[in-house]
Amino acid sequence: MNPMTERDIRAAFVNCTKGEAKRLSVPRDLADRPWEDLDYLGWRDPRAPERAYLVAELDGGPRALALRCPSPAAGEKRRGMCSLCVTTHSGGVSLMVAPKAGKAGKQGDSVGIHMCSDLACSLYVRGMRDPGPGPRVPETLSPEEKIQRTVANLSAFFAKVRS
Ligand SMILES: [Zn+2]
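Not measured: the values here are computed from a predicted model.

**Student:** Can you walk me through the overall build of the protein in this structure?
**Tutor:** Assigned secondary structure in the protein consists of 5 helices and 7 strands. Walking the protein from its N terminus toward its C terminus, one meets helices and strands in the order α-α-β-β-β-β-β-β-α-β-α-α. In terms of overall size, the protein behaves like a compact globule, its C-alpha atoms giving a radius of gyration of 15 Å where 163 residues would be expected to give roughly 15 Å. Counting only C-alpha atoms, the protein reaches 45 × 35 × 30 Å along its principal axes. When the 163 residues of the protein are sorted by exposure, 31% land in the buried category. In the protein, 60% of the contacts between residues at least 6 apart in sequence involve partners at least 24 apart.

Encoded structure:
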């Protein structure tokens, strides 16, 4: 994806108020992120790790989501599969919950998704990060096809949040 600035990112949130988008934590090292290897940029709030955010280029522009990541019960480390990049991890998948956009979100409606806890799907599909030991479903897709699938899954998730 193309590099984004803090201003691009703050203006891109679809499921929080303008005030929240202005105050939330955006990474300070945006210039150093490996943008060309990212399908989306995901990060956690360093002061509030149960808050996570992601931004992608969809429908021709930056689109960002605010997510809540309820911390799992102590010791609960289940194997799981990321619904975005379809990587299976031992304990590296979290349920992330996105408040819905607009009126539905204000009334408490949200959409959940199980995804890579470190929000690094882009690196897993490119083989740049190792999801750890354990059995995996063998796949014959090329990295390019996996990238397309990840972007399609992410786009579908955005559509659910905005529906
Ligand atoms: Zn993933």
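After that view, the rundown keeps rolling.
**Student:** Explain the environment of cysteine 85 here, please?
**Tutor:** Structurally, cysteine 85 can be placed in the loop between β4 (79-81) and β5 (88-90). What makes cysteine 85 buried here is the crowd of 24 C-beta atoms within 10 Å. Along the sequence, cysteine 85 and leucine 154 sit 69 residues apart, while their C-alpha atoms lie 8.9 Å from each other. Ignoring any residue separated from it by four or fewer positions in sequence, one finds cysteine 85 in contact with Cys116, Cys121, Tyr124, Val125, Lys146 and Thr150.

**Student:** How should I be thinking about the nonpolar core in this particular structure?
**Tutor:** Soluble, globular proteins show a tendency: their nonpolar side chains are buried together. Among the nonpolar cores identified, the biggest contains 37 residues, and Leu54, Val55, Leu65, Cys116 and Cys121 are the most heavily contacted of them. When contributions to this core are tallied by element, the ones reaching two or more residues are β1 (40-45), β2 (48-58), β3 (61-68), β6 (93-99), β7 (110-116), α4 (121-125) and α5 (143-162). Other than its neighbours up to four places away in sequence, cysteine 116 contacts Cys82, Cys85, Thr87, His89, Gly92, Val93, Cys121 and Tyr124.

**Student:** How should I be thinking about the pairing of β2 in this particular structure?
**Tutor:** In regular strands, side chains alternate between the two faces of the sheet. Pairing of β1 with β2, which is carried by 6 bridges, proceeds in the antiparallel orientation. Pairing of glycine 42 across the sheet is with leucine 54, part of β2. Hairpin connection, β1 to β2: the antiparallel pair is bridged by 2 residues. Relative to β3, β2 runs antiparallel, the two sharing 8 bridges. Bridging from a neighbouring strand, alanine 52 pairs with leucine 67 of β3. Adjacent in sequence and paired antiparallel, β2 and β3 are bridged by 2 residues, among which aspartate 59 carries a positive phi angle near 50°.

**Student:** I would appreciate a short explanation of α5 in the present structure.
**Tutor:** Residue pairs three or four apart in sequence face the same way in an α-helix, which turns once every 3.6 residues. Along its 20 residues, α5 runs 29 Å from first to last C-alpha, staying within 8% of the 28 Å computed at 1.5 Å per residue. Those residues of α5 that are buried are in contact with β1, β2, β3, β6, β7 and α4.

**Student:** Where do I start with unusual backbone geometry in this structure?
**Tutor:** Excluding glycine, residues mostly have negative phi values, and the peptide bonds linking residues are mostly trans. Of note in the backbone geometry, valine 86 takes a positive phi value of approximately 60° without being a glycine. You can call valine 86 partly exposed: it has 18 C-beta atoms within 10 Å.

**Student:** Quick question: what am I supposed to make of the environment of leucine 67 here?
**Tutor:** With respect to the element layout, leucine 67 can be found in strand β3. Under the C-beta neighbour-count criterion, leucine 67 is labelled buried, with 25 such atoms within 10 Å. Distance in space between the C-alpha atoms of leucine 67 and alanine 52 is 5.0 Å, their sequence separation being 15 residues. Discounting chain neighbours no more than four positions away, the residues touching leucine 67 are Ala52, Tyr53, Leu54, Met96, Val97 and Ala98.

Criteria and thresholds
Residues numbered from 1 in each chain as written. Predicted model: local features only at pLDDT ≥ 70, side-chain atom pairs only at ≥ 80, totals over all residues. Helix = DSSP H or I, 4+ residues; strand = E, 2+ residues; numbered from the N terminus. Rg over C-alpha atoms; globule rule 2.2 N^0.38 Å. Buried ≥ 20, exposed ≤ 12 C-beta atoms within 10 Å, placed from the backbone. Contact = placed C-beta atoms within 7 Å. Core = buried A, V, L, I, M, F, W, Y, C linked by C-beta atoms within 7 Å. Pairing = 2+ DSSP bridges. Expected span 1.5 Å × (residues − 1).

Just geometry here; none of it tells us what the structure is for.
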